Amino acid sequence: MLLAALAIAAVLAAAGSGIGIGEVGHVALLGLATFARVVVLLAVSTLIWTPVGVAIGFNPRLARLAQPVALLLASFPANFLFPLAALLFIHAGISLNWGGILLMALGAQWYILFNTIAGAMSVPTDLRDMATSMRLRGWRLWRDLIIPGIFPSWVTGGITAAGGAWNASIVAEVVSWGGATLTATGLGAYIADATGRGDWPQIVLGVAMMSAYVVGLNRLVWRRLYRLAESRYRLS
Amino acid sequence: MTAMTAPQTAPAPALIAAERVRKTFPLPQDHGGVFTVLDEVSCAVAPGEVVALLGRSGSGKSTLLRIMAGLIPASGGRVLSRGAPLRGPNPDVAMVFQSFALLPWLTVQDNVELGLKARAIPREERRKRALAAIDMVGLDGFESAYPKELSGGMQQRVGFARAFVVQPQVLMMDEPCSALDVLTAENLRGEISDLWQAGNFPAQSILLVTHNIEEAVLLADRVLVLGSNPGRIRGEVQIDLARPRDREQPRFKSLVAHIYTVMTHPEADMTRMLAEDNAEVERFRPLPHARAGGISGLLELVVEQGGTVDIPRLAQRLRLDVDDLLPILDAAVLLGFARVVEGHVSVSDDGRAFAEADILRSKELFRQQVLARAPLVAAIAETLRQKRDGTMRAGFFLDLLDEHYPPAEAERQFATAVDWGRYAELFEYEADQERLRLPEPEAVAP
């Protein structure tokens with residue numbers, strides 16, 4: 001319903017300002033490009049940070065050392081690094097279409113890490129003792145205990161990280177260093193560009209499209225995962 | 001102490017033996033300080049026997065079990081598994097947990113197969129063995145159910161099936177019935193006993209951890225009584241009863257009474273008190289976790305019964321577990337209101353006066369005894385009196401306690417001290433501001 005309302009708003013905004021239906025389709029495709037970046041970002045962050053988070057969450061001594069460090073890193077405003085990253089990308093000849101993923105991840109990855117730590121800590125000691133005593137190891141331990149055990153927390157982290165990444169795309173898909181500007185193909189760059197020119201109809205269209213994506217995905221994907229986590233993977 | 005013998009070496013080589021095992025945990029507040037959970041504990045499980053580790057909460061009995069299962073390392077001493085030093089999880093052991101420890105996302109069948117999968121047993125054999133184990137615990141028909149669809153008793157049966165299916169040398173049970181209601185627990189105990197007696201039990205030996213004396217006497221061949229703070233073996237009692245055992249047998253009752261005596265025997269604690277007559281240790285001697293109202297209630301009851309009561313009978317009458325009753329008894333003894341001798345509790349003159357006095361007078365007696373005998377409460381009151389405004393943040397005392405106890409125990413000590421101090425009208429506690437304060441002058445009894 002909300003999705004439909006947003007779509008109508010977008011179309012009205014387009015209609016009232018002489019933006020054609022073709023432009024709406026174009027912006028939707030740009031949204032798809034940013035969506036692909038968000039998906040890659042979530043997958044890579046999960047692959048990197050889940051093992052780290054589980055190691056920290058299962059080891060209280062490590063947790064005491066690592067948590068303040070991780071909090072410090074996470075509280076560092078990632079966009080201060082963007083111009084430096086732009087310099088790096090220009091020198092290395094990396095397209096912002098790929099580099100943008102890294103920039104969006106700078107802030108968003110921490111949600112995956114923190115929620116994984118919390119999830120691992122919430123696995124009861126008895127379950128871990130049981131797994132050790134049964135000699136569950138390696139992939140079997142991950143498949144039977146760890147992944148299902150941290151799944152609810154991962155979903156929470158995923159929702160937050162994805163939301164953060166969509167927002168970050170507005171500043172991460174266009175970056176400059178000195179006179180040079182790198183631009184990625186995506187909805188974030190479209191909004192940033194429209195904002196730079198003060199083009200209200202395009203701003204409204206871009207923001208409405210982004211909201212439609214975020215809300216739509218929450219409804220179609222995240223809420224279902226959340227319900228699954230609640231019904232099957234809850235550790236009482 | 002007649003039937004208490006030194007832990008004897010079993011004739012057959014032990015399946016698992018703990019030798020002078022120590023376990024300490026670092027205290028978070030105190031750099032370098034440690035909290036000793038187990039102190040030089042030695043015990044062994046021989047083939048074909050059922051051994052019970054009996055102790056109150058804080059005796060480290062579950063920790064000892066986990067060290068013998070190879071789940072946590074000992075800080076000192078060693079564990080031998082069939083003669084060889086144990087490193088890592090003990091392959092001879094399967095464990096049954098108080099919390100059942102079932103994976104909620106797996107069916108009964110998959111939960112039971114877990115240990116077989118880890119041992120890389122082929123699918124068809126896995127299925128067959130799991131079905132046989134599920135059948136053995138009386139759960140056939142529930143193979144495809146999820147744990148949350150089952151009652152607590154049925155969930156624990158799944159826990160047993162999961163342990164049975166790997167045919168361990170030693171079945172370890174950590175308070176297996178403590179999370180169940182009384183009837184379900186009794187039923188389960190009966191079935192364990194029947195299975196053991198039937199002779200085709202899927203494990204050679206059983207090591208049971210419990211705080212329930214009757215459970216230990218019902219199931220075990222040998223009961224090792226653990227003392228608290230730090231955990232150590234206080235005595236061993238052979239249960240020379242034929243199976244099946246009957247709670248109404250006189251011999252059963254006398255064994256239960258004897259174990260109560262061992263558990264409440266003051267001698268061991270007296271030697272510790274003398275050894276530790278240093279003011280710092282004295283001030284932080286742990287308070288038994290009993291409420292002032294509970295102490296007074298218990299004393300009234302004993303006075304009504306003539307002043308001396310058999311402890312097992314008292315527990316039975318009150319329907320209290322040893323974990324609930326003993327702290328109250330300990331508190332009464334600490335405050336000089338009662339004595340415990342040979343499984344009997346008798347009320348002292350002070351105790352009688354306390355139990356029979358009206359509320360104002362009983363508070364006064366309580367205050368007098370607390371100030372003389374509970375140094376922590378007295379120290380709190382003294383600190384408050386030295387402050388000009390007569391108040392102090394609770395955090396101050398909690399920080400001090402943190403240096404001597406693990407955090408959860410520090411909080412319990414504080415809560416008990418506050419309860420006693422309030423009852424004695426030595427101080428008041430404002431929970432919303434987390435401050436202790438001296439009572440208003442007019443509230444102080446003359």
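If you're wondering where the values come from, they're calculated on a predicted model, not measured in any experiment. Residue indices begin from 1 for each chain and proceed along its sequence in written order. By the order in which they are written, chains take letters starting at A while ligands take numbers starting at 1. For this predicted model, a pLDDT threshold of at least 70 governs which residues receive local features, and a threshold of 80 or more governs which side-chain atom pairs are given and counted, while totals over whole chains, interfaces and linings are taken from all residues. Derived side-chain values reflect all non-hydrogen atoms in the structure, with water molecules and hydrogen atoms excluded from consideration.

Colleague: Just to check I follow, could you spell out the overall build of chain B for this structure?
Modeller: Labels follow the DSSP assignment, with helices taken as runs of H or I lasting at least four residues and strands as runs of E lasting at least two, numbered in each case from the N terminus. Counting secondary structure elements, chain B contains 17 helices and 16 strands. Throughout, radius of gyration means the C-alpha value; the globule benchmark is 2.2 Å times the number of residues raised to the power 0.38. Relative to the compact-globule value of 22 Å for 446 residues, chain B shows a C-alpha radius of gyration of 24 Å, a close match. Each of the three principal axes of chain B carries a C-alpha extent, and together these read 80 × 50 × 45 Å. Here chain B holds 446 residues, and 52% of them are scored as buried. Here a residue-residue contact requires only that any non-hydrogen atoms of the pair lie within 4.5 Å. Long-range pairs, those at least 24 residues apart, make up 70% of the contacts in chain B between residues at least 6 apart in sequence. Only the protein chains shown count as cover for residues, with accessible areas throughout obtained via the Shrake-Rupley method and a probe of 1.4 Å. For chain B, the computed accessible surface area is about 20,000 Å², with 51% contributed by carbon and sulfur atoms. Only protein chains enter the accessibility calculation, which uses a 1.4 Å probe. A residue is then buried if its area is under 20% of the maximum for its type, exposed if over 50%, and partly exposed in between.

Colleague: Can you help me understand the packing of helix α10 (residues 292–304) of chain B against helix α13 (residues 349–356) of chain B in this one?
Modeller: The geometry of a pair of packed helices is captured by two quantities: the angle between their axes and the separation between those axes. All names here are of chain B. Every axis in this analysis is a line fitted to C-alpha atoms, fitted for helices over the stretch in contact. Angles between the N-to-C directions lie between 0 and 180 degrees. Close contact between α10 and α13 brings their axes to 9 Å; oriented N to C, the two are set at 105 degrees. Here α10 lies roughly perpendicular to α13, going by the angle between them. Mapping the contact onto sequence places S296, L299, E300 and V303 in α10 and G351, R352, F354, A355 and E356 in α13. Note on residue categories: nonpolar means Ala, Val, Leu, Ile, Met, Phe, Trp, Tyr, Cys or Pro, charged means Asp, Glu, Lys or Arg, and polar means any other residue, Gly included. Residue composition of the contact of α10 with α13, grouped by class: 4 nonpolar, 2 polar and 3 charged. With respect to orientation, any angle under 35 degrees is reported as roughly parallel, any angle over 145 as roughly antiparallel, any angle of 65 to 115 as roughly perpendicular, and every other angle as oblique.

Colleague: Looking at this structure, how should I read the packing of helix α7 (residues 138–172) of chain A against helix α9 (residues 200–232) of chain A?
Modeller: All names here are of chain A. Two numbers describe how α7 lies on α9: the axes approach to 10 Å, and their chain directions differ by 170 degrees. Between α7 and α9, the angle falls in the class roughly antiparallel. Contacts from F151, P152, W154, V155, T156, G158, I159, A162, W166, S169 and I170 in α7 reach M210, Y213, V214, L217, N218, W222, L225, Y226, L228 and A229 in α9. Class assignment of the residues belonging to the contact of α7 with α9 gives a composition of 17 nonpolar, 4 polar and no charged.

Colleague: How should the side chain of S133 of chain A be read in this particular structure?
Modeller: If you trace the backbone, S133 of chain A turns up in helix α6 (residues 125–133). When residues no more than four places from it in sequence are discounted, the contact partners of S133 of chain A are L71, V93, A94 and M95 of chain B.

Colleague: I tried to follow the packing of aromatic side chains on my own but got confused; where do I start?
Modeller: Two measures describe an aromatic ring pair: the distance that separates the ring centres and the angle between the ring planes. Paired rings are identified among Phe, Tyr and Trp, the last through its six-membered ring, by centres lying within 6.5 Å, and are further divided according to the angle between planes into stacked (under 30 degrees), edge-to-face (over 60) and tilted (the rest). Following the criterion strictly, the structure yields 15 aromatic pairs over all chains and no others. Between W154 of chain A and W222 of chain A, the aromatic rings sit 5.9 Å apart at their centres with planes inclined by 45 degrees, giving tilted as the arrangement. Of this pair, W154 of chain A sits in helix α7 while W222 of chain A sits in helix α9; the two residues are 68 residues apart in sequence, bridging distant segments of the chain. Assessed through its relative accessible area of 8%, W222 of chain A is described here as buried. Among the aromatic residues, those joined into a ring-pair cluster are F151, W154, W222 and Y233 of chain A together with W105 of chain B. We note R128 of chain A situated over the ring of F58 of chain A; from NZ or CZ to the ring centre the distance is 4.0 Å. Over the ring of Y423 of chain B we find K363 of chain B; its NZ or CZ atom is 4.6 Å from the centre of that ring. By definition, being over a ring means that NZ of Lys or CZ of Arg is both within 6 Å of the ring centre and within 35 degrees of the ring normal.

Colleague: What exactly am I supposed to notice about the pairing of strand β2 (residues 180–183) of chain A here?
Modeller: The two faces of the sheet receive side chains in turn, since in a regular strand these alternate between them. Residues and elements named next belong to chain A. We call two strands paired when DSSP finds no fewer than two bridges between them. In the sheet, strand β1 (residues 174–177) pairs with β2 via 4 bridges, with the strands oriented antiparallel. Opposite V174, over in β2, you have T183 as the bridge partner. Where β1 hands over to β2, the hairpin turn is made up of 2 residues, of which G178 adopts a positive phi near 60 degrees.

Colleague: Is there a simple way to think about the interface of chain B and chain A in this case?
Modeller: One widely used convention gives an interface's size as the accessible area the parts lose upon coming together. Residue-level contacts link 22 residues of chain B with 20 residues of chain A. Buried area: the accessible area, evaluated with a 1.4 Å probe, that two parts lose upon being put together, summed over both parts. Summed over both partners, the interface of chain B with chain A buries about 2,000 Å², with 61% contributed by carbon and sulfur atoms. In the sections that follow, a salt bridge refers to a side-chain nitrogen of Lys or Arg positioned within 4 Å of a carboxyl oxygen of Asp or Glu. There are 2 salt bridges connecting chain B and chain A. For this analysis, a polar contact is any N or O atom pair within 3.5 Å, provided that within protein one partner can donate a hydrogen and the other can accept it, and provided that sequence-adjacent residues contribute only side-chain to side-chain pairs. Linking chain B with chain A are 8 residue pairs in polar contact (both at pLDDT 80 or more), by the criterion used here. Within the residue set of the side of chain B that touches chain A, elements represented by two or more residues are β6 (93–96) and α2 (108–118) of chain B.

Colleague: Quick question: what am I supposed to make of the side chain of D310 of chain B here?
Modeller: Residues and elements named next belong to chain B. Turning to its location among the elements, D310 is positioned in strand β11 (residues 308–310). For D310, a relative accessible area of 16% gives the class buried. Beyond its immediate chain neighbours, meaning those up to four positions away, D310 contacts G343 and H344.

Colleague: Just to check I follow, could you spell out the sheet that holds β11 of chain B for this structure?
Modeller: In a beta sheet, neighbouring strands are held together by backbone hydrogen bonds and run either parallel or antiparallel to one another. Residue and element names in this part refer to chain B. The 3 strands are arranged β11-β13-β12 in an open sheet whose pairing can be described as antiparallel. The open sheet terminates on both sides in strands that have one partner only, identified here as β11 and β12 (338–341). Put simply, the sheet's adjacent strands are angled 20 degrees from each other on average, direction ignored. Here β11 runs beside strand β13 (residues 344–347); their pairing, made up of 3 bridges, is antiparallel. Note on β13: the bridge partner recorded for T308 is S346. Across the sheet, helix α11 (residues 311–318) touches β11, β12 and β13, and the angle it forms with β11 is around 80 degrees.

Colleague: What exactly am I supposed to notice about helix α7 (residues 250–264) of chain B here?
Modeller: Residues separated by three or four positions in an α-helix point in the same direction, a consequence of the helix having 3.6 residues per turn. To estimate the expected span of a helix, count its residues, drop one, and scale the result by 1.5 Å. Here α7 of chain B is 15 residues long and its end C-alpha atoms lie 21 Å apart, about the 21 Å a rise of 1.5 Å per residue gives. Burial in α7 of chain B covers these residues: F252, L255, V256, H258, I259, Y260, T261, V262, M263 and T264 of chain B.

Colleague: Any chance you could explain the sheet that holds strand β16 (residues 435–437) of chain B here in plain terms?
Modeller: Residues and elements named next belong to chain B. Read across the sheet, 3 strands follow the order β14-β16-β15 without closing on themselves; strand pairing throughout is antiparallel. Of all strands in the sheet, those with a lone pairing partner are β14 (391–393) and β15 (428–430), marking the two edges. Taken over all neighbouring pairs, the strand axes of this sheet differ in orientation by 25 degrees on average, direction set aside. In this structure, β15 lies alongside β16, joined through 3 bridges in antiparallel fashion. Pairing of E428 across the sheet is with R437, part of β16.

Colleague: Help me understand α13 of chain B, please; the structure alone is not making it clear to me.
Modeller: All names here are of chain B. Of the positions making up α13, those classed as buried are G351, F354 and A355. Summarising the axial view, the buried residues of α13 lie within an arc of 95 degrees, below the 170-degree limit, and thus occupy one face. In this structure, α13 carries D349 and E356 as exposed residues pointing more than 90 degrees from its buried face. For α13, the secondary structure elements touched by its buried residues are α10, β13, α14 (359–373) and α17 (407–423). Here the arc refers to the set of directions running from the helix axis out to each C-beta atom.

Colleague: Looking at this structure, I do not really get the domain arrangement of chain B. What am I missing?
Modeller: Residue and element names in this part refer to chain B. Assigned domains of chain B: these are domain 1 (16–92 + 204–264), domain 2 (288–373) and domain 3 (377–446). Measuring from the centre of the C-alpha atoms in domain 2 to the corresponding centre in domain 3 gives 23 Å. With 18 residues of domain 2 at the contact, the number on the domain 3 side is 14 residues. Broken down residue by residue, the surface that domain 2 buries against domain 3 is led by H289, K363 and R367, which jointly contribute 43%. R291 serves as the salt-bridge partner of D419, at 3.1 Å between the closest nitrogen and oxygen. Summed over the shared surface of domain 2 and domain 3, the result is 7 residue pairs in polar contact (both at pLDDT 80 or more). Counting residues per element, the ones that place at least two in the side of domain 2 that touches domain 3 are α10, α12 (322–334) and α14. Residue ranges for the domains trace back to a domain assignment, done automatically or taken from a database.

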